Amino acid sequence: MPVRAFVFPGQGSQAVGMGRELAAAFAPAREVFEEVDEALKQALSRLMFEGPAEELTLTANAQPALMAMSLAVVRVLEREGGLPLDRTAVLVAGHSLGEYSALAAAGAFDIAAAAKLLRLRGEAMQRAVPPGAGAMAALLGVEPDQAAAICAEAADGEVVEVANDNGGGQVVISGAAAAVERAIARAKARGVKRALPLPVSAPFHCALMAPAADAMAEALAANPPRAPAVPVVANVTARPARDPVEIRDLLVRQVTATVRWRESVTAMRAEGVDTVVELGAGKVLAGLVKRIDPEIAASSIGTPAEIEAFLKTV
């Protein structure tokens, strides 16, 4: 029997049309989208299904939308497939906002609470830095320690830090716009294969996000997580966590800390996981898992056809 982990995508995986087929095919998926719409007092599902893309891409919309998409898949697996998460997966994990999706899937938050927390998180992250003052860039063909050294050389008194260690030689840096530009130039001078700016609206997962971390600390104190049904491999520590107090602290720290995805996959493997299934929009995480550890079977589920194919294997 496969030893599975379920993983949940982060920002960048959103696309107009996501969830439309699920809603048409499965009543449990429609229920999730209705719950999120009601919680946010917004027709977010219509924005997901129809766009426009510019509005869906806004951080405050993309974050709860990606969670809704992931939880719709979870709900269908549970209701239509008879597969409760705690009997189907031994661990969950998510990339950045996907950690909230993972926790909601494991019962630490209800869907409405997760939607409200992610709306607040998106708004707080957008407010933390004035438009144009921050930036992010992807460095390809580089290890995290090399990226950290490039950031240190380029900082010149400004913030520029490793934001995501995605594995497979892909590291994302984040910080003040001028410092990120200097880091891109420094990376190219060092012979890094590719260094390219990312089309993001704020510099996520760096010290400039401290105001957003404060906002999340307040929100999570008022809406604390419950113990999840299975442990979550946390972005901040790359270790499984199950204690609600620890999880709350980790979610606050996550806003400014590096997403340690490569190490998280290694941690899942150390826990005996041999199969990773990405639930929700896109196939980014499954691709990263395959690059980090080719011996792990990795796949994605986000459409009715993919759900039906998965149910035949369980």
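Structure first, text after, so check above.
## Considerations on the environment of Ser299
Of note, Ser299 is situated in strand β11 (residues 297-301). In this structure Ser299 comes out as partly exposed when scored by relative accessible area, which is 32%. Considering only alpha carbons, one finds Ser299 and Asp214, 85 residues apart in sequence, at a separation of 36 Å. Residues contacting Ser299, with those up to four places away along its chain left out, are Val276, Val277, Glu278 and Ala286.

## Some thoughts on the packing of helix α2 (residues 27-40) against helix α8 (residues 111-128)
Helix packing for two helices is described by the angle between their axes and how far apart those axes are. Following both chains from N to C, one finds α2 and α8 inclined at 50 degrees, their axes separated by 9 Å at the closest point. Taken together, α2 and α8 sit at an angle that is classed as oblique. Of the two elements, α2 crosses α8, and the hand of that crossing is right-handed. Residues Val32, Glu35, Val36, Ala39 and Leu40 of α2 pack against Ile111, Ala112, Ala115, Lys116 and Arg119 of α8. Residue classes in the contact of α2 with α8 are distributed as seven nonpolar, no polar and three charged.

## Points about helix α12 (residues 244-254)
Along α12, the residues classified as buried are Ile247, Leu250, Leu251, Val252 and Gln254. Contact partners of the buried residues in α12: α7 (98-105), α8, α11 (210-222), β7 (232-233) and β8 (240-241).

## A look at the packing of aromatic side chains
With the rule as written, the count across this model stands at three aromatic pairs. When the centroid spacing of 5.5 Å and the interplanar angle of 85 degrees are considered together, the rings of Phe33 and Phe49 count as edge-to-face. You can see Phe33 sitting in helix α2 and its partner Phe49 sitting in helix α3 (residues 44-50), a full 16 residues away along the chain. With relative accessibility at 3%, the residue Phe33 sits in the buried group. For Phe49, a relative accessible area of 16% corresponds to the buried category.

## A few points about the pattern of salt bridges
Applying the stated criterion to the full structure yields 13 salt bridges. Between Glu263 and Arg260 there is a salt bridge whose closest N-O contact spans 2.7 Å. Given the relative accessible area of 28%, Glu263 is considered partly exposed. What makes Arg260 partly exposed here is its relative accessible area of 26%.

## Some details on the nonpolar core
Residues Phe6, Met48, Val92, Phe109 and Leu279 are the most contacted members of the largest nonpolar core, which totals 78 residues. Sorting elements by how many residues they give to this core places helix α5 (residues 59-79) first, with 11 residues. Not counting residues within four places of it along the chain, the set of residues in contact with Met48 comprises Ala15, Val16, Gly17, Met18, Phe33, Leu56, Ala65, Ala68 and Met69. In terms of nonpolar packing, the next biggest core, distinct from the first, is built from 22 residues, Ala135, Ala155, Val162 and Ala187 among them.

## Regarding the pairing of strand β3 (residues 134-140)
β3 sits mainly inside the fold: six of its seven residues count as buried. Relative to strand β5 (residues 170-176), β3 runs antiparallel, the two sharing seven bridges. When the sheet's bridge partners are listed, Met136 is paired in β5 with Ser174. The pairing of β3 with strand β6 (residues 194-197) spans four bridges and is antiparallel. Bridging across to β6, Ala137 finds its partner in Pro197.

Cut-offs and rules
Chains are numbered independently. Their residues run from 1 in the order of the written sequence. The model is predicted, so local features are restricted to residues of pLDDT at least 70 and side-chain atom pairs to those at 80 or more, both for listing and for counting; the totals for chains, interfaces and linings are taken over all residues. The side-chain figures draw on all heavy atoms in the structure; neither hydrogens nor water molecules are used. A run of DSSP states H or I qualifies as a helix once it reaches four residues; a run of E qualifies as a strand once it reaches two. Both are numbered from the N-terminal end. Only protein chains enter the accessibility calculation, which uses a 1.4 Å probe; a residue whose area is less than 20% of its type maximum is buried, one above 50% is exposed, and one in between is partly exposed. Contacts: residue pairs with any heavy atoms within 4.5 Å of one another. Here an angle of 0 to 180 degrees is reported between the N-to-C directions of two axes, which are lines fitted to C-alpha atoms, with helices fitted over the stretch in contact. For this classification, under 35 degrees means roughly parallel, over 145 means roughly antiparallel, 65 to 115 means roughly perpendicular, and everything else is oblique. Should the near helix be turned counterclockwise from the far one by less than a right angle, the crossing is left-handed, whereas a clockwise turn marks it as right-handed. Classification used: nonpolar for Ala, Val, Leu, Ile, Met, Phe, Trp, Tyr, Cys and Pro, charged for Asp, Glu, Lys and Arg, polar for all others including Gly. What counts as a ring pair is set by centres within 6.5 Å for rings of Phe, Tyr and Trp (its six-membered ring), and what kind of pair is set by the plane angle: stacked under 30 degrees, edge-to-face over 60, tilted for all other angles. We count a salt bridge whenever a side-chain nitrogen from Lys or Arg sits within 4 Å of a carboxyl oxygen from Asp or Glu. The definition of a nonpolar core used throughout is a set of buried Ala, Val, Leu, Ile, Met, Phe, Trp, Tyr and Cys residues joined through side-chain atoms within 4.5 Å. A pair of strands is treated as paired once DSSP finds two or more bridges between them.

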